[in-house]
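Report on the structure
In case you want the letters, here they are:
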Amino acid sequence: MRLLVVSLLLFICLEAQATRLPFPVLPGGGVAFLDVTSIREQRFSNIVEQKTDFSCGAASLATVLREAYNLDLDEQTVIEGMLVGADQELVRSQGFSMLDMKRYAENLGMRARGYRLDPAGLQQLKVPVVVLQEVRGYKHFVVLMRSEADRVYIGDPVLGHKRYTMDEFVSGWNGIIFAVIGPGYDRENALLDPPEPLTAKHRINQFRPVQDAELMEFGFIQSDFF
């Protein structure tokens, strides 16, 4: 029975789509349903996932427009829009540029500009922005959702939600942010409240063994410990 339960849980975690898991709650056969979300879905919650090797800019811009402005846009729609007027051969070899994103956003009636900013100014940002990171020589657009103290929260269209120390982020950042400003901005959008990383590492120092006296408060008896 235990093996069956473990196998079922592993299957659920590997599934890409959310599902509803039935489980018995009463001896007479009553069944309740629990909504289950996969690790992959949690990793990409509120982030448009990149589907091609040149579309990190399109996916990042789609994330900002969809989550912060409630526009019904996906990556493919933004790709098609940005290809209008763009050098398609250059896009295929190097990907989209901030200029391509600027033109597309302005065609939607938005103001879009790139700004040079020092690391200290990142904590003053009140809107999610697109930034360019360089990791191992690879340039990659991501969404900077929020920064605080020594932490920077990133929405990566390839890796999902990531959190870096300020030094880690700055080491691969070119010092420029790309901001989109326009009507319909949601001041409480989900990008401003990113989830904590899907790891237990930050809880290691909080671990302590449960004491016998605490177990007895939950109905255990002394003989259970022998």
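Residues numbered from 1 in each chain as written. Predicted model: local features only at pLDDT ≥ 70, side-chain atom pairs only at ≥ 80, totals over all residues. Heavy atoms only, no water.

The name given to the protein in an unreviewed UniProt entry is C39 family peptidase, with Serpens gallinarum as the source organism.

**Brief notes about the overall build of the protein**
Note the following rule: Numbering of helices and strands runs from the N terminus, with a helix taken as a DSSP run of H or I at least four residues long and a strand as a DSSP run of E at least two residues long. Burial here depends on accessible area, computed with a 1.4 Å probe over protein chains only, as a share of the maximum for the residue type. Under 20% is buried, over 50% is exposed, and the range in between is partly exposed. Contact between two residues is taken to exist if any of their heavy atoms lie within 4.5 Å; hydrogens are not considered. For accessible areas, the Shrake-Rupley method is used with a probe of radius 1.4 Å. Any residue's cover is judged against the shown protein chains and nothing else.
Along the protein, the regular secondary structure elements total 8 helices and 8 strands. Residues classed as buried in the protein amount to 33% of the 226 residues present. Partitioning the intrachain contacts of the protein with sequence separation of at least 6 by distance along the chain shows that 57% fall at a separation of at least 24. Counting only carbon and sulfur atoms, one obtains 56% of the accessible surface of the protein, whose full area is about 14,500 Å².

**With respect to the sheet that holds strand 8 (residues 173-181)**
Which entries qualify depends on this criterion: Here, a strand pair is defined by DSSP locating no fewer than two bridges between the strands. Axis lines are fitted to C-alpha atoms, over the contacting stretch for helices. Their N-to-C directions set the angle, which ranges from 0 to 180 degrees.
On the basis of which strands lie adjacent, the open sheet formed by 6 strands has the order 3-8-4-5-6-7 and antiparallel pairing. Taken across any chain shown, the strands that pair with only one partner, and hence form the sheet edges, are strand 3 (111-116) and strand 7 (160-165). Neighbouring strand axes in the sheet, compared pairwise and without regard to direction, differ in orientation by 35° on average. Examined bridge by bridge, strand 6 (residues 151-156) and strand 7 share 6 bridges and lie antiparallel to one another. In the sheet register, aspartate 156 faces strand 7, and the bridge partner there is glycine 160. Sheet contacts for helix 6 (residues 98-107): strand 3, strand 4 (129-135), strand 5 (138-148) and strand 8; angle to strand 8, the most-contacted strand, approximately 10°.

**Description of the packing of aromatic side chains**
Threshold: Any two of the Phe, Tyr and Trp rings considered here, Trp counted by its six-membered ring, make a pair once their centres fall within 6.5 Å; the pair's planes then place it as stacked at under 30 degrees, edge-to-face at over 60, or tilted in between. Only when the NZ of Lys or the CZ of Arg is both within 6 Å of the ring centre and within 35 degrees of the ring normal is a charge said to sit over the ring.
The full count for this structure, using the stated rule, is 3 aromatic pairs. Centroid distance phenylalanine 54 to phenylalanine 96: 6.0 Å. Interplanar angle 55°. Geometry classified as tilted. Linking phenylalanine 54 in the loop between helix 2 (39-43) and helix 3 (56-69) with phenylalanine 96 in the loop between helix 5 (88-94) and helix 6, this pair joins segments that are 42 residues apart in sequence. Over the ring of tyrosine 153 we find arginine 146, and its NZ or CZ is 4.9 Å from the ring centre.

**Regarding the pattern of salt bridges**
Going by this rule: Counted as salt bridges are all cases of a side-chain nitrogen of Lys or Arg within 4 Å of a carboxyl oxygen of Asp or Glu.
This model, assessed by the stated rule, comprises 7 salt bridges. For the salt bridge of glutamate 49 with lysine 51, the shortest nitrogen-to-oxygen distance reads 3.8 Å. A relative accessible area of 63% places lysine 51 in the exposed class. Put simply, glutamate 106 and lysine 102 hold a salt bridge, and the shortest N to O gap is 2.7 Å. Taken together, the residues span about one helical turn, with glutamate 106 and lysine 102 both in helix 6 at a distance of 4 residues.

**Some remarks on the side chain of asparagine 189**
Put simply, the rule is: The term polar contact refers here to a pair of N or O atoms within 3.5 Å; inside protein, the definition further demands a hydrogen-donor-capable atom paired with an acceptor-capable atom, and it admits residues adjacent in sequence only when both atoms are side-chain atoms.
Topologically, asparagine 189 is positioned in the loop between strand 8 and helix 8 (212-217). For asparagine 189, the side chain forms a polar contact with the main-chain nitrogen of leucine 191, separated by 3.1 Å. Contacts of asparagine 189, omitting those with residues within four sequence positions, involve Glu67, Ala68 and Pro128.

**Quick look at helix 3**
Here is the rule we go by: Expected span, for any helix, means 1.5 Å times one less than how many residues it has.
Its 14 residues give helix 3 an end-to-end C-alpha distance of 19 Å, which sits within 8% of 20 Å, the value for a rise of 1.5 Å per residue. Taking burial as the measure, the 14 residues of helix 3 include 13 buried ones, the bulk of the element. At the exit of helix 3 stands asparagine 70, carrying a positive phi of roughly 55°.

**Focus: the environment of arginine 111**
Within the secondary structure, arginine 111 is located in strand 3. Classification of arginine 111 as partly exposed rests on a relative accessible area of 47%. Distance in space between the C-alpha atoms of arginine 111 and glycine 182 is 6.0 Å, their sequence separation being 71 residues. Not counting the four nearest positions on each side in its chain, arginine 111 is found in contact with Ala179, Val180 and Ile181.

**Remarks on the side chain of threonine 63**
Among the structural elements, threonine 63 can be located in helix 3. Classification of threonine 63 as buried rests on a relative accessible area of 2%. Engagement of the side chain of threonine 63 in a polar contact is seen with the backbone nitrogen of valine 48, the distance being 2.9 Å. A distance of 2.9 Å separates a polar side-chain atom of threonine 63 from the backbone oxygen of alanine 59. The contacts of threonine 63, once residues within four sequence positions are left out, are Asn46, Ile47, Val48, Ala68, Val143 and Leu191.

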